[in-house]
Amino acid sequence: MPSLSHDAFDLHSADQVPDSYSWPSSFLHDHPVSAPDAVDSIPVIDISSPSAASLVGAACRSFGVFYATGHGVPSDLLRDVEAQARRLFSLPLHRKLLAARLPGFLSGYGRPPLSSFFPKLMWSEGFTLAGDPLDVSGNIWSHDHSLFCEVMEKYKRWMKRVAEKLLNLMLHSMGLDDEMTDRAGFMKEMILAVDALQLNSYPPCPEPEKAMGMAPHTDSGLLTVLHQNGGARGLQILRGENVSGTARWVAVPPLAGALVIHVGDLLQILSNGRFRSVRHRAVVNAAEHRISVAYIIGPPGHVKVGPIRRLIKAGQSPMYRSVTWPEYLAIRARLFDKAIQCVELPAK
Ligand SMILES: O=C(O)CCC(=O)C(=O)O
Ligand SMILES: [Fe+2]
(Lines give C-alpha, C1' and ligand atoms only; values in the text may rest on other atoms or scores of the structure.)
(Ligands and ions follow the chains in the order given, each with its own letter.)
Protein backbone atom coordinates (compact mmCIF):
# COMPACT_ATOMS: atom_id res chain seq x y z
CA MET A 1 0.00 0.00 0.00
CA PRO A 2 1.50 3.38 -0.90
CA SER A 3 2.59 5.70 1.86
CA LEU A 4 4.37 9.02 1.77
CA SER A 5 8.10 9.06 2.09
CA HIS A 6 10.05 11.66 4.02
CA ASP A 7 10.73 13.66 0.89
CA ALA A 8 6.96 13.83 0.26
CA PHE A 9 5.58 16.90 -1.44
CA ASP A 10 3.61 19.08 0.99
CA LEU A 11 0.28 19.93 -0.66
CA HIS A 12 -0.41 22.58 1.98
CA SER A 13 2.44 24.84 0.89
CA ALA A 14 2.26 24.28 -2.89
CA ASP A 15 2.05 27.29 -5.21
CA GLN A 16 1.65 25.18 -8.34
CA VAL A 17 0.63 21.68 -9.37
CA PRO A 18 3.71 19.57 -10.18
CA ASP A 19 3.62 17.30 -13.22
CA SER A 20 3.22 14.19 -11.04
CA TYR A 21 -0.09 15.67 -9.76
CA SER A 22 -1.27 17.01 -13.09
CA TRP A 23 -3.98 14.81 -14.67
CA PRO A 24 -4.76 14.71 -18.39
CA SER A 25 -7.73 16.84 -19.28
CA SER A 26 -9.31 13.85 -21.08
CA PHE A 27 -9.41 12.05 -17.73
CA LEU A 28 -10.67 15.01 -15.69
CA HIS A 29 -13.32 15.84 -18.28
CA ASP A 30 -14.28 12.33 -19.36
CA HIS A 31 -17.95 13.20 -18.81
CA PRO A 32 -19.75 16.51 -18.42
CA VAL A 33 -20.60 17.79 -14.96
CA SER A 34 -24.33 18.25 -14.90
CA ALA A 35 -26.13 21.00 -13.07
CA PRO A 36 -28.44 19.39 -10.54
CA ASP A 37 -31.96 19.08 -11.91
CA ALA A 38 -35.05 17.08 -11.11
CA VAL A 39 -33.67 13.93 -12.75
CA ASP A 40 -30.32 14.05 -11.00
CA SER A 41 -31.30 15.46 -7.64
CA ILE A 42 -29.90 13.09 -5.03
CA PRO A 43 -32.68 11.78 -2.75
CA VAL A 44 -32.82 13.18 0.79
CA ILE A 45 -34.33 10.54 3.09
CA ASP A 46 -35.41 10.81 6.72
CA ILE A 47 -34.33 7.35 7.84
CA SER A 48 -36.46 7.59 10.99
CA SER A 49 -39.69 7.90 9.01
CA PRO A 50 -42.08 4.96 8.45
CA SER A 51 -41.62 5.19 4.68
CA ALA A 52 -37.81 5.08 4.93
CA ALA A 53 -37.33 1.47 3.72
CA SER A 54 -39.05 1.93 0.38
CA LEU A 55 -37.37 5.30 -0.24
CA VAL A 56 -33.96 3.87 0.65
CA GLY A 57 -34.58 0.89 -1.66
CA ALA A 58 -35.54 3.17 -4.55
CA ALA A 59 -32.47 5.38 -4.01
CA CYS A 60 -30.12 2.37 -3.86
CA ARG A 61 -31.56 0.97 -7.09
CA SER A 62 -31.50 4.15 -9.07
CA PHE A 63 -28.67 6.29 -7.62
CA GLY A 64 -26.52 4.09 -5.35
CA VAL A 65 -26.28 7.15 -3.14
CA PHE A 66 -28.56 9.26 -0.97
CA TYR A 67 -28.53 11.81 1.84
CA ALA A 68 -29.70 10.44 5.20
CA THR A 69 -31.35 12.74 7.71
CA GLY A 70 -33.05 11.68 10.94
CA HIS A 71 -30.00 9.50 11.70
CA GLY A 72 -29.79 10.65 15.34
CA VAL A 73 -26.05 11.45 15.35
CA PRO A 74 -25.69 14.52 17.61
CA SER A 75 -24.76 17.61 15.60
CA ASP A 76 -22.02 18.53 18.07
CA LEU A 77 -20.42 15.12 17.46
CA LEU A 78 -20.43 15.83 13.70
CA ARG A 79 -18.75 19.16 14.44
CA ASP A 80 -16.26 17.56 16.82
CA VAL A 81 -15.20 14.81 14.41
CA GLU A 82 -14.50 17.38 11.72
CA ALA A 83 -12.65 19.67 14.17
CA GLN A 84 -10.45 16.79 15.36
CA ALA A 85 -9.73 15.67 11.80
CA ARG A 86 -8.83 19.25 10.89
CA ARG A 87 -6.59 19.54 13.94
CA LEU A 88 -4.69 16.45 12.81
CA PHE A 89 -4.36 17.55 9.18
CA SER A 90 -3.20 21.03 10.21
CA LEU A 91 -0.03 19.62 11.74
CA PRO A 92 3.18 20.02 9.77
CA LEU A 93 3.95 17.20 7.35
CA HIS A 94 6.86 15.83 9.40
CA ARG A 95 4.52 15.30 12.36
CA LYS A 96 1.89 13.51 10.26
CA LEU A 97 4.59 11.30 8.80
CA LEU A 98 5.24 9.96 12.30
CA ALA A 99 2.08 7.92 11.68
CA ALA A 100 2.89 7.01 8.04
CA ARG A 101 1.04 3.88 6.87
CA LEU A 102 3.49 0.99 6.73
CA PRO A 103 3.49 -1.47 3.82
CA GLY A 104 0.87 -4.16 4.37
CA PHE A 105 -1.00 -2.14 7.01
CA LEU A 106 -4.36 -0.45 6.73
CA SER A 107 -4.08 2.19 9.47
CA GLY A 108 -1.93 5.29 9.24
CA TYR A 109 -1.23 8.44 7.25
CA GLY A 110 -0.62 8.55 3.54
CA ARG A 111 -1.96 8.87 0.04
CA PRO A 112 -5.43 7.48 -0.70
CA PRO A 113 -5.16 3.68 -0.71
CA LEU A 114 -6.34 3.62 -4.34
CA SER A 115 -3.34 5.67 -5.51
CA SER A 116 -1.53 2.57 -6.71
CA PHE A 117 -4.08 2.12 -9.52
CA PHE A 118 -3.41 5.51 -11.13
CA PRO A 119 -0.37 6.95 -12.88
CA LYS A 120 -0.81 10.42 -11.35
CA LEU A 121 -0.95 11.47 -7.70
CA MET A 122 -4.11 12.77 -6.07
CA TRP A 123 -4.44 16.14 -4.35
CA SER A 124 -5.32 14.63 -1.00
CA GLU A 125 -3.94 13.03 2.12
CA GLY A 126 -5.66 10.72 4.55
CA PHE A 127 -5.57 8.97 7.87
CA THR A 128 -7.06 5.49 8.01
CA LEU A 129 -8.22 4.47 11.49
CA ALA A 130 -8.93 0.75 11.24
CA GLY A 131 -8.53 -0.22 14.88
CA ASP A 132 -7.76 1.76 18.02
CA PRO A 133 -7.33 5.45 17.01
CA LEU A 134 -4.47 5.59 19.51
CA ASP A 135 -2.40 3.35 17.20
CA VAL A 136 -2.26 6.32 14.82
CA SER A 137 -2.62 9.44 16.98
CA GLY A 138 -0.32 8.13 19.74
CA ASN A 139 2.60 8.32 17.28
CA ILE A 140 1.87 12.00 16.65
CA TRP A 141 0.73 13.36 19.99
CA SER A 142 2.47 11.83 22.97
CA HIS A 143 0.14 13.61 25.41
CA ASP A 144 -2.63 15.41 23.51
CA HIS A 145 -4.36 12.44 21.91
CA SER A 146 -7.12 11.64 24.40
CA LEU A 147 -9.75 14.05 23.04
CA PHE A 148 -9.03 12.91 19.47
CA CYS A 149 -9.40 9.25 20.45
CA GLU A 150 -12.54 9.88 22.49
CA VAL A 151 -14.26 11.69 19.62
CA MET A 152 -13.22 9.12 16.98
CA GLU A 153 -14.37 6.20 19.12
CA LYS A 154 -17.68 7.82 19.94
CA TYR A 155 -18.20 8.68 16.28
CA LYS A 156 -17.40 5.10 15.21
CA ARG A 157 -19.95 3.71 17.68
CA TRP A 158 -22.59 6.05 16.27
CA MET A 159 -21.66 5.15 12.72
CA LYS A 160 -22.03 1.43 13.43
CA ARG A 161 -25.51 2.07 14.79
CA VAL A 162 -26.44 4.13 11.70
CA ALA A 163 -24.97 1.51 9.33
CA GLU A 164 -26.92 -1.30 10.99
CA LYS A 165 -30.12 0.69 10.75
CA LEU A 166 -29.43 1.39 7.08
CA LEU A 167 -28.66 -2.24 6.30
CA ASN A 168 -31.90 -3.27 7.95
CA LEU A 169 -33.84 -0.72 5.89
CA MET A 170 -32.11 -1.90 2.73
CA LEU A 171 -32.89 -5.57 3.39
CA HIS A 172 -36.50 -4.76 4.28
CA SER A 173 -36.83 -2.74 1.11
CA MET A 174 -36.05 -5.95 -0.79
CA GLY A 175 -38.90 -7.75 0.96
CA LEU A 176 -36.82 -9.51 3.60
CA ASP A 177 -38.26 -9.39 7.11
CA ASP A 178 -36.32 -9.69 10.39
CA GLU A 179 -36.68 -13.44 10.50
CA MET A 180 -35.39 -13.87 6.95
CA THR A 181 -32.43 -11.53 7.38
CA ASP A 182 -31.49 -13.41 10.53
CA ARG A 183 -31.88 -16.70 8.75
CA ALA A 184 -29.64 -15.39 6.00
CA GLY A 185 -27.28 -15.16 9.01
CA PHE A 186 -26.41 -11.74 7.97
CA MET A 187 -27.53 -9.27 10.58
CA LYS A 188 -26.32 -11.61 13.35
CA GLU A 189 -22.86 -11.75 11.81
CA MET A 190 -22.82 -7.97 11.47
CA ILE A 191 -22.29 -7.69 15.23
CA LEU A 192 -18.73 -8.64 14.36
CA ALA A 193 -18.58 -6.28 11.38
CA VAL A 194 -15.23 -4.92 10.28
CA ASP A 195 -15.17 -1.16 10.06
CA ALA A 196 -12.80 1.76 9.60
CA LEU A 197 -12.78 5.53 9.51
CA GLN A 198 -11.07 7.19 6.59
CA LEU A 199 -10.28 10.86 7.30
CA ASN A 200 -9.73 12.65 3.97
CA SER A 201 -8.13 16.07 3.51
CA TYR A 202 -8.12 18.08 0.29
CA PRO A 203 -5.88 21.13 0.79
CA PRO A 204 -6.68 24.22 -1.34
CA CYS A 205 -5.16 23.66 -4.76
CA PRO A 206 -3.46 26.52 -6.67
CA GLU A 207 -4.54 25.04 -10.04
CA PRO A 208 -7.66 22.97 -9.34
CA GLU A 209 -8.41 22.52 -13.05
CA LYS A 210 -5.32 20.28 -13.33
CA ALA A 211 -5.72 18.19 -10.18
CA MET A 212 -7.88 15.32 -8.91
CA GLY A 213 -8.70 15.01 -5.21
CA MET A 214 -9.86 11.40 -5.27
CA ALA A 215 -9.96 9.49 -8.55
CA PRO A 216 -13.16 7.71 -9.61
CA HIS A 217 -13.89 4.49 -7.76
CA THR A 218 -16.59 2.46 -6.08
CA ASP A 219 -16.27 1.58 -2.39
CA SER A 220 -15.58 -2.10 -1.81
CA GLY A 221 -17.53 -2.76 1.40
CA LEU A 222 -21.25 -3.00 2.06
CA LEU A 223 -21.89 0.68 2.52
CA THR A 224 -20.08 3.92 3.33
CA VAL A 225 -21.41 6.70 5.54
CA LEU A 226 -19.74 9.95 4.54
CA HIS A 227 -19.67 13.19 6.50
CA GLN A 228 -18.40 16.19 4.55
CA ASN A 229 -17.54 19.52 6.03
CA GLY A 230 -20.00 22.39 5.80
CA GLY A 231 -18.93 24.71 3.03
CA ALA A 232 -16.71 22.93 0.56
CA ARG A 233 -18.00 21.02 -2.43
CA GLY A 234 -16.01 18.23 -4.02
CA LEU A 235 -17.89 14.94 -4.11
CA GLN A 236 -19.40 13.91 -7.45
CA ILE A 237 -21.14 10.71 -8.51
CA LEU A 238 -21.36 9.23 -11.98
CA ARG A 239 -24.89 8.81 -13.33
CA GLY A 240 -26.06 7.05 -16.45
CA GLU A 241 -22.83 5.07 -16.75
CA ASN A 242 -24.59 2.03 -18.16
CA VAL A 243 -26.66 4.01 -20.64
CA SER A 244 -24.58 4.98 -23.64
CA GLY A 245 -24.06 8.63 -24.36
CA THR A 246 -25.62 10.03 -21.20
CA ALA A 247 -23.00 9.54 -18.49
CA ARG A 248 -22.48 12.63 -16.37
CA TRP A 249 -20.88 13.67 -13.07
CA VAL A 250 -23.40 14.96 -10.56
CA ALA A 251 -22.29 17.06 -7.59
CA VAL A 252 -23.22 15.89 -4.10
CA PRO A 253 -22.72 19.12 -2.12
CA PRO A 254 -22.72 19.12 1.69
CA LEU A 255 -26.23 19.30 3.10
CA ALA A 256 -26.35 20.57 6.69
CA GLY A 257 -26.84 17.72 9.16
CA ALA A 258 -27.19 15.06 6.45
CA LEU A 259 -24.85 12.09 5.96
CA VAL A 260 -24.11 10.76 2.46
CA ILE A 261 -24.68 7.01 2.05
CA HIS A 262 -22.89 5.09 -0.72
CA VAL A 263 -23.81 1.58 -1.83
CA GLY A 264 -20.62 -0.51 -1.93
CA ASP A 265 -19.66 -3.46 -4.15
CA LEU A 266 -20.49 -6.11 -1.53
CA LEU A 267 -24.04 -4.75 -1.25
CA GLN A 268 -24.39 -5.00 -5.02
CA ILE A 269 -23.39 -8.68 -4.71
CA LEU A 270 -25.63 -9.33 -1.68
CA SER A 271 -28.63 -7.75 -3.40
CA ASN A 272 -27.99 -9.83 -6.54
CA GLY A 273 -27.50 -6.65 -8.54
CA ARG A 274 -30.69 -4.90 -7.42
CA PHE A 275 -28.56 -2.19 -5.80
CA ARG A 276 -25.65 -0.71 -7.74
CA SER A 277 -22.45 0.46 -6.13
CA VAL A 278 -21.90 4.07 -7.06
CA ARG A 279 -18.83 5.36 -8.90
CA HIS A 280 -17.68 8.62 -7.32
CA ARG A 281 -14.76 11.03 -7.24
CA ALA A 282 -13.72 14.19 -5.39
CA VAL A 283 -12.59 17.34 -7.16
CA VAL A 284 -10.59 20.11 -5.48
CA ASN A 285 -10.90 23.87 -5.19
CA ALA A 286 -8.57 26.83 -4.79
CA ALA A 287 -10.09 28.44 -1.74
CA GLU A 288 -11.07 25.90 0.85
CA HIS A 289 -9.48 23.07 2.77
CA ARG A 290 -12.08 20.34 2.41
CA ILE A 291 -12.34 17.52 4.95
CA SER A 292 -14.47 14.40 4.67
CA VAL A 293 -14.85 11.48 7.05
CA ALA A 294 -15.85 8.16 5.51
CA TYR A 295 -17.06 5.27 7.66
CA ILE A 296 -16.64 1.99 5.82
CA ILE A 297 -18.29 -1.20 6.97
CA GLY A 298 -18.26 -4.80 5.79
CA PRO A 299 -18.90 -8.27 7.15
CA PRO A 300 -16.34 -10.08 9.31
CA GLY A 301 -13.54 -11.61 7.27
CA HIS A 302 -14.77 -15.20 7.42
CA VAL A 303 -18.28 -14.46 6.11
CA LYS A 304 -18.99 -15.34 2.48
CA VAL A 305 -21.12 -12.67 0.82
CA GLY A 306 -23.25 -13.91 -2.03
CA PRO A 307 -26.66 -13.02 -3.41
CA ILE A 308 -29.35 -13.62 -0.76
CA ARG A 309 -31.19 -16.73 -1.91
CA ARG A 310 -34.65 -15.22 -1.50
CA LEU A 311 -33.74 -12.55 -4.02
CA ILE A 312 -33.08 -15.04 -6.80
CA LYS A 313 -36.26 -15.64 -8.73
CA ALA A 314 -37.37 -19.22 -9.47
CA GLY A 315 -35.56 -20.61 -12.48
CA GLN A 316 -32.87 -17.90 -12.35
CA SER A 317 -29.29 -18.27 -11.26
CA PRO A 318 -27.38 -15.92 -8.95
CA MET A 319 -25.57 -13.06 -10.69
CA TYR A 320 -22.45 -13.35 -8.54
CA ARG A 321 -20.41 -16.00 -6.80
CA SER A 322 -19.84 -15.74 -3.06
CA VAL A 323 -16.72 -14.06 -1.73
CA THR A 324 -15.41 -12.92 1.63
CA TRP A 325 -14.43 -9.25 1.93
CA PRO A 326 -10.70 -10.13 2.10
CA GLU A 327 -11.07 -12.30 -1.03
CA TYR A 328 -12.83 -9.46 -2.81
CA LEU A 329 -10.15 -6.96 -1.75
CA ALA A 330 -7.49 -9.30 -3.15
CA ILE A 331 -9.36 -9.33 -6.49
CA ARG A 332 -9.63 -5.54 -6.38
CA ALA A 333 -5.92 -5.25 -5.67
CA ARG A 334 -5.38 -6.99 -9.04
CA LEU A 335 -8.23 -5.71 -11.15
CA PHE A 336 -9.47 -2.53 -9.38
CA ASP A 337 -12.70 -1.41 -11.07
CA LYS A 338 -13.08 -4.67 -13.01
CA ALA A 339 -13.25 -6.65 -9.74
CA ILE A 340 -17.03 -6.91 -9.70
CA GLN A 341 -17.09 -8.36 -13.23
CA CYS A 342 -14.63 -11.00 -12.04
CA VAL A 343 -17.16 -12.37 -9.51
CA GLU A 344 -20.09 -12.23 -11.95
CA LEU A 345 -21.52 -15.61 -12.93
CA PRO A 346 -22.58 -16.31 -16.50
CA ALA A 347 -26.37 -16.21 -16.92
CA LYS A 348 -27.80 -19.69 -17.36
O1 LIG B 1 -14.13 13.02 0.05
C2 LIG B 1 -15.09 12.53 -0.54
O3 LIG B 1 -16.14 13.13 -0.71
C4 LIG B 1 -14.99 11.12 -1.07
C5 LIG B 1 -14.17 10.21 -0.24
C6 LIG B 1 -14.20 8.80 -0.73
O7 LIG B 1 -14.70 8.52 -1.77
C8 LIG B 1 -13.64 7.71 0.07
O9 LIG B 1 -13.04 7.97 1.14
O10 LIG B 1 -13.78 6.54 -0.36
FE1 LIG C 1 -15.15 6.37 -1.87
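Everything below is about the structure printed above this text.
The shown structure was predicted, so the numbers you read here are calculated from the model rather than taken from an experiment.

1. Notes on the sheet that holds strand β10 (residues 248-251)
In space, the 5 strands of this open sheet follow the order β1-β10-β9-β12-β7, with mixed pairing throughout. On the outer flanks of this sheet lie β1 (33-34) and β7 (214-217), each paired with one strand and no other. The pairing of β7 with strand β12 (residues 280-282) spans 2 bridges and is antiparallel. Within β12, the position partnered with Met214 by the bridge is Ala282.

2. A look at the coordination of the iron ion (ligand 2)
Around the iron ion (ligand 2), the protein contributes the donor atoms His217 (NE2), Asp219 (OD) and His280 (NE2), at 2.1 to 2.2 Å from the metal centre. Sequence positions of the residues that donate to the iron ion (ligand 2) give the spacing H-x1-D-x60-H. In this pair, Asp219 is assigned in the loop between β7 and β8 (223-228) and His280 in strand β12, connecting sequence segments 61 residues apart. Across this residue pair, the class does not change: Asp219 and His280 are buried.

3. Some words on the nonpolar core
Ranked by size, the top nonpolar core spans 74 residues in total, and within it Phe66, Phe127, Tyr155, Leu166, Met170, Leu199 and Ile269 carry the most contacts. Considering each element in turn, this core owes the most residues, 14 residues, to helix α6 (residues 146-173). Setting aside chain neighbours within four positions, we find Tyr155 in contact with Leu77, Leu78, Val81, Leu197, His227, Leu259 and Val293. If you look at the next biggest cluster of nonpolar residues, it comprises 19 residues, including Leu114, Cys205, Met212 and Met214.

4. Looking at the pairing of strand β13 (residues 290-298)
Among the 9 residues that make up β13, 8 are buried, leaving the element largely enclosed by the rest of the structure. Of the strand pairs in this sheet, β8 and β13 are connected by 6 bridges, and their pairing is antiparallel. Its bridge partner being in β13, Leu226 is matched across the sheet by Ala294.

5. Side note on the site of ligand 1
In the region of ligand 1, the neighbouring residues are Gln198, Asn200, Tyr202, Met214, His217, Asp219, Leu226, Leu235, His280, Arg290, Ser292 and Ala294. The contact in question runs from an oxygen atom of ligand 1 to an N or O atom on the side chain of His217, over 3.1 Å. Here His280 contributes a side-chain N or O atom positioned 3.0 Å from an oxygen atom of ligand 1. Considering ligand 1 on its own, with 290 Å² of exposed area, one finds that the protein chains cover 94% of that surface. Within the shell around ligand 1, the residues separate by chemical class into 5 nonpolar, 5 polar and 2 charged.

Each value, and the rule that gives it
- Residues numbered from 1 in each chain as written.
- Chains lettered and ligands numbered in written order.
- Predicted model: local features only at pLDDT ≥ 70, side-chain atom pairs only at ≥ 80, totals over all residues.
- Heavy atoms only, no water.
- Pairing = 2+ DSSP bridges.
- Helix = DSSP H or I, 4+ residues; strand = E, 2+ residues; numbered from the N terminus.
- Donors = N, O, S within 2.8 Å, 3.2 Å for Na, K, Ca; no water.
- Buried < 20%, exposed > 50% of the residue type's maximum accessible area, 1.4 Å probe, protein only.
- Core = buried A, V, L, I, M, F, W, Y, C linked by side-chain atoms within 4.5 Å.
- Contact = heavy atoms within 4.5 Å.
- Near = heavy atom within 4 Å.
- Polar contact = N/O pair within 3.5 Å; in protein donor to acceptor, adjacent residues only side chain to side chain.
- Areas by Shrake-Rupley, 256 points an atom, 1.4 Å probe, with all protein chains shown as cover.
- Nonpolar A, V, L, I, M, F, W, Y, C, P; charged D, E, K, R; others polar.

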